[in-house]
Amino acid sequence: MKSLCFGTTLRGFAAAALIAATALSATAERAAAGSPLRIASSLSDIPNLWAAPDGGFEGVRFGGYTIFDALVLWDLSSADRPSRLVPGLAESWSVDPADPKRWIFRLREARFHDGSPWNADAAIWNLDSVKNKDAPQFHPGRAGAAGSRTQSIAAYGKIDDRTIFIETKQVNGLLLYELSSLFFASPARFAEAGNDWNAFAQNPSGTGPYRFVSLKKGTELHLEANRDYWNPARVPKTQDLFVLPVPDANTRVAALRSGQVDLVDTLPPDAIPSLQAAGYTITENTYPHTWLWRLSFTEDSPFADIRVRKAANLAIDRAAIVEFLGGHATAAEGFAPPDAPWFGKPDFKLAYDPEAAKALLAEAGYGPDKPVEVKIVISSSGGGQMVPLSMNEIIQENLRAVGINVTYDVRDFTAMITMLRQGAKEAKANGINVAMTMQEPATGIVSYTSTLAPPAGSNWGFYNDPEFDAALKAVRAEFDPEAQERALARVNEALTNAAAALLVVHDKGPRALSPKLKGFVQARNWYQDFTTIEVAD
Amino acid sequence: MLFYIVRRVVYVIPIALAVSLVCFLLVHIAPGDPIDAMVQPDTPQEVIDRVRSEYGLDRPLPVQFGLWLAKLVQGDFGTSLIKGRPVLPDLVSASGATFVLACTGGLLGVLAGCILGGIAGVYRESWLDRVLLGTAVAGVSVPHYWLGMVMVIIFSVNLNLLPAMGSGPGGSTAWAWDWAHLRYLILPSVTLAVIPAGIVTRTVRGLVSDIISQDYITTLRGKGLRRAGIVRHVVLNAAPTVLAVVGLQLANLMGGSILVETVFAWPGTGMMLNTAIFQRDLPVLQATTLLLALFFVVLNLVVDLIQTAIDPRISRR
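- By the naming in an unreviewed UniProt entry, chain B goes by ABC transporter permease and is assigned to Propylenella binzhouense.
- As its UniProt record puts it under Subcellular location (unreviewed entry), chain B is described as follows: "Cell membrane".

- In the nomenclature of an unreviewed UniProt entry, chain A is known as ABC transporter substrate-binding protein of Propylenella binzhouense.
- As stated in UniProt under Sequence similarities (unreviewed entry), the record for chain A gives "Belongs to the bacterial solute-binding protein 5 family."
- According to UniProt, the comment filed for chain A under the heading Subcellular location (unreviewed entry) is "Periplasm".

Okay, here's the thing in structure tokens:
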């Protein structure tokens, strides 16, 4: 009995010591750090901080728009209206009336974090770093990462200290979208770093709303507010910003609930009810994301027949899938989200109508004795893929019910992206489930251009529709933003009416915030502005 | 003895070469193109081809392997395709983090395994033996991932006693043996310790129960040797086999438990390997697997040498 009491006392003492020591060290940590904003991202590492971030849109969100600026930026200030492009490092621009391929950009007065000036020389130096192989600042990795931003640029040059021109290969009214994530780094800091981009990435300098403080590889990026930011409205309200890469979704949620982070990006839908019950704020909004199957239009593919494509689209119970996703998605009504400014008025309505689907299949020569057999490449996970395995199981059941039998070829995400480049013939499949972005409206839909069939481009399914090609050409020829949106609406209508994909849902990108955060506005965009967030003590 | 050590060290060279070749071929045979992880999905083919050529990924495989090997012998582990920075400093940093976690987890597992296995062996066929053996089987069977999450829910979310993730305060990657760092180590190391604890428990239990039924132990008891003396004989006889098992377990842990490191966002080789696999970052994959293979080889050598020192019969063979 005595030893039992002694043991109990000892255990009690040890527990008390553990709690006291934990509390003490936690208090010391908090005191030292003040009230920073700590964000858990789903990246596995901090993106490259050399003004050409890796890690897709999330990499740009944390490693691009924080430290750096582009000539053109997104207005992320509203949750209620679609994001639009606004002046960034260029305060204004115009297209040469005599030559629609020549753009003139007037640069604003700004300074890099190291104090060196932002001007035409800095702009040209940056363009050389990704376009001019002979420039000492050229780096193949950076150029590759920025390749899709600069593909349409044919020439560029300085007009005066505050003005540059950019010439495109063809008339390209979408250039501003492409430039919205081409970031500008400080040439002075690059020189300080011994003309080495890797050294620059360890101590980067841009013109963005946050200055670099420190980087702990794989664990933490520490930034601080740039009080001299050229746009006073976007000077961060919280002095310190920490970005922590936490690839596991459950760990991100646990980190929020244990107080290690304040905001969780890319939230698993099933964690939301318990977080809400525990008092955490959940934000979400539609953004230009479409979860779909890209289809094969090759001769041997059943989807070459528009009746089969329409039947498949009418067989999907999108409401059930949205419900499965906890309501954190919007049922697709077209390629663009229904609230996008370029949605237009597609004639083909994506209703759930299995009977109409069966009728269309019968018309196309299929029936209970002759079901449609298709093979689709899907991934088990991946950026923008949401919950691919479960969602595809629901779709498989929906399609089977109308007479379309689906076999899945499950790949890991990178392997699937490689297959996306190779095209449907190489993949020997009838569809591929790679979600599409319409952030820069042409980014995703441009892959339906007939001249971009593999190996020339990423027209995976060998889609060939003159009406679509003409509509996209009209978009590129348009420079007025509102007229361009109307032209883009024709593109959405053309693709939706042709049922050019199996359209399922648009993600709402749920995020969870600690109750002590105020002021976050979740824009309808892949990118978000963290400068508005205040952290209560 | 010296000749034996030299011979074993020389063996490392063909093993390392074979491992490098197999790893190199495996990562090239696997579907997925590293360039796809580097560039945006809508990057034109000409840019992709140019990047591929600039990184030498368009050359024949034997040439690529030869170039990689030539750099390796000069101490150049290559440059990450995705991060664009040399692999070696990242690998050293990740190995350090994994070393701390693996050693702590391994030590906890071995200690628990030896104690529980010893007790189970001594009291074999009793209820205590069955309970301990059941616990060991459960330990081996429980998925790391699940156990890690359960511990996080209990100790981080509900009790708020220990951090849910990370390897040090303020994202610190530099390890220090102070409480501020140790509190980050507790949950992942206990999670990691469970499988080796189960395996060592079963091994020790079998050995101890076998040894104490041997005639010479009965003789020692008959001669009046005290309990401590008998324990010493049991330990010495069981040690070589236990060491072999412990060595393998430690090498496994050093390989970095991908799941445990991912669950706890521990910046070690497991997480590095996991990221490199998904990004097809060939130089990182090759360097990491080579280092881990060498670690296996070296640890086996150390175990062999200790076994030889403990059991003279091994060196006589």
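More follows now that the structure is in view.
Topic: the sheet that holds strand E9 (residues 163–168) of chain A
All names here are of chain A.
- Within the open sheet, the four strands sit side by side as E4-E5-E9-E8. Their pairing is antiparallel. Strands with a single pairing partner mark the edges of an open sheet, and in this sheet they are strand E4 (90–95) and strand E8 (153–160). With strand direction ignored, the average angle separating the axes of adjacent strands in the sheet is 20°.

Here's the deal with the domain arrangement of chain A
Residues and elements named next belong to chain A.
- Segmentation of chain A into domains returns domain 1 (13–67 + 208–285 + 510–535), domain 2 (72–186) and domain 3 (289–507).
- Relative placement of domain 2 and domain 3: their C-alpha centres are 32 Å apart.
- On the side of domain 3, 14 residues touch domain 2, which itself brings 15 residues to the contact.
- Around 1,200 Å² of area is buried between domain 2 and domain 3 when both sides are counted, 59% of it from carbon and sulfur atoms.
- At the surface where domain 2 touches domain 3, the tally comes to two salt bridges.
- In this structure, glutamate 440 engages arginine 149 in a salt bridge whose closest nitrogen and oxygen atoms are separated by 2.5 Å.
- For the pair domain 2 and domain 3, the interface holds five residue pairs in polar contact (both at pLDDT 80 or more).
- For the side of domain 2 that touches domain 3, the per-class residue count stands at eight nonpolar, four polar and three charged.

Things to note about the side chain of Asp507(A)
Residue and element names in this part refer to chain A.
- Here aspartate 507 shows up in strand E21 (residues 501–507).
- No salt bridge forms around the buried aspartate 507; measuring N to O, its nearest opposite-charge neighbour arginine 511 is 8.2 Å away.
- Of note is the side chain of aspartate 507, whose polar atom sits 2.9 Å from the side chain of tyrosine 287.

Focus: the nonpolar core
- Counting residues in hydrophobic clusters, the biggest one holds 136 residues, and the most contacted among them are Leu71(A), Phe105(A), Trp118(A), Trp293(A), Phe335(A), Ile395(A) and Tyr448(A).
- Looking at which element gives the most residues to this core, the answer is helix H3 (residues 120–131) of chain A, with seven residues.
- Beyond its immediate chain neighbours, meaning those up to four positions away, Trp293(A) contacts Ile376(A), Asn392(A), Ile395(A), Leu399(A), Val406(A), Tyr408(A), Ile432(A), Asn433(A), Ala501(A) and Leu502(A).
- Listed in part, the 28 residues of the second largest apolar core include Leu57(B), Ala94(B), Leu273(B) and Leu282(B).

Quick notes on the pattern of salt bridges
Residues and elements named next belong to chain A.
- Evaluated as defined, the whole model comprises 32 salt bridges over all chains.
- Measuring nitrogen to oxygen at the nearest pair gives 2.8 Å for the salt bridge that ties aspartate 262 to arginine 38. With aspartate 262 in the loop between helix H9 (249–257) and strand E13 (263–264) and arginine 38 in strand E1 (residues 37–41), the pair connects residues that are 224 residues apart, well separated along the chain.
- The salt bridge involving arginine 307 is made with aspartate 305; its shortest N-O contact spans 2.9 Å.

Conventions used here
Residues numbered from 1 in each chain as written. Chains lettered and ligands numbered in written order. Predicted model: local features only at pLDDT ≥ 70, side-chain atom pairs only at ≥ 80, totals over all residues. Heavy atoms only, no water. UniProt positions renumbered as here; feature names shortened; annotations may be inferred. Pairing = 2+ DSSP bridges. Helix = DSSP H or I, 4+ residues; strand = E, 2+ residues; numbered from the N terminus. Axes fitted to C-alpha atoms, helices over the stretch in contact; angles between N-to-C directions. Domains from an automatic or database assignment. Contact = heavy atoms within 4.5 Å. Buried area = accessible area lost by both parts, 1.4 Å probe. Salt bridge = Lys/Arg side-chain N within 4 Å of Asp/Glu carboxyl O. Polar contact = N/O pair within 3.5 Å; in protein donor to acceptor, adjacent residues only side chain to side chain. Nonpolar A, V, L, I, M, F, W, Y, C, P; charged D, E, K, R; others polar. Buried < 20%, exposed > 50% of the residue type's maximum accessible area, 1.4 Å probe, protein only. Lys, Arg positive; Asp, Glu negative; His and termini not counted. Core = buried A, V, L, I, M, F, W, Y, C linked by side-chain atoms within 4.5 Å.

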